[in-house]
Amino acid sequence: MGKKRKQQQRVDSSITASLPKQEAMTLADQLGGDVLAKLKVAKQDLTVKEQAAEEERQAKLAFERKQREKNKSFEELLNEYGDKGSKF
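Residues numbered from 1 in each chain as written. Predicted model: local features only at pLDDT ≥ 70, side-chain atom pairs only at ≥ 80, totals over all residues. Heavy atoms only, no water.

**Q** Whenever I open this one, the overall build of the protein chain confuses me. Can you help?
**A** If you tally the helices and strands in the protein chain, you get four helices and zero strands. Carbon and sulfur atoms make up 57% of the accessible area of the protein chain, which totals about 9000 Å². (Helix = DSSP H or I, 4+ residues; strand = E, 2+ residues; numbered from the N terminus. Areas by Shrake-Rupley, 256 points an atom, 1.4 Å probe, with all protein chains shown as cover.)

**Q** Explain a nonpolar patch on the surface to me, please; I cannot follow it from the model alone.
**A** On the surface, Leu-27, Leu-31, Val-35 and Leu-39 cluster together to form a nonpolar patch covering roughly 340 Å² of accessible area. Counting only elements with at least two residues in the nonpolar patch, the list comes to helix 2 (27–31) and helix 3 (33–70). Mapped onto the elements, Leu-39 comes out in helix 3. Given the relative accessible area of 47%, Leu-39 is considered partly exposed. (Patch = residues over 30% accessible without salt bridge, like charges linked within 9 Å, V, L, I, M, F, W, Y side chains within 5 Å. Salt bridge = Lys/Arg side-chain N within 4 Å of Asp/Glu carboxyl O. Buried < 20%, exposed > 50% of the residue type's maximum accessible area, 1.4 Å probe, protein only.)

**Q** What should I look at first to understand the pattern of salt bridges in this one?
**A** Pairing is possible between side chains of opposite charge, provided their charged atoms come close. This structure, assessed with the given rule, holds three salt bridges. Notably, a salt bridge pairs Arg-57 with Glu-54, separated by 2.8 Å at the nearest N-O pair. Of this pair, Arg-57 and Glu-54 both sit in helix 3, three residues apart, which is roughly one turn of the helix. In this structure, Glu-80 engages Lys-72 in a salt bridge whose closest nitrogen and oxygen atoms are separated by 2.1 Å. Taking relative accessible area as the criterion, Lys-72 reaches 23% and is therefore assigned partly exposed. A cluster of three or more residues bridged by salt bridges with shared partners is formed by Glu-69, Lys-72 and Glu-80.

**Q** Could you clarify how one ought to interpret the confidence of the model for the protein chain in this entry?
**A** The predicted structure's coordinates, where accompanied by low pLDDT, should not be read in detail. For the protein chain, mean pLDDT is 78; residues scoring 70 or higher make up 67% of the total. Mean pLDDT values over the elements of the protein chain span from 55, in helix 1 (residues 2–18), up to 94, in helix 3. (pLDDT = per-residue confidence, 0-100.)

This is how it looks when you write it as structure tokens:
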């Protein structure tokens, strides 16, 4: 069994070594220009959508914080600020 494995490994390594670097195709070469362009556009659209969703989430959190501050009871405000407030 050991001899067969060694022979298979030698054959595999000789095949990859015999291919010149010019013939080795990259994924971009295999896909073609139009498909690659479509993928790039799709990636840009996805990043724009993710940024918009993140901005919307941040705005929602800020709005909720303001609403919680606005709706605090007198007791909560007194506990939070105490005697620190300015006197008129």
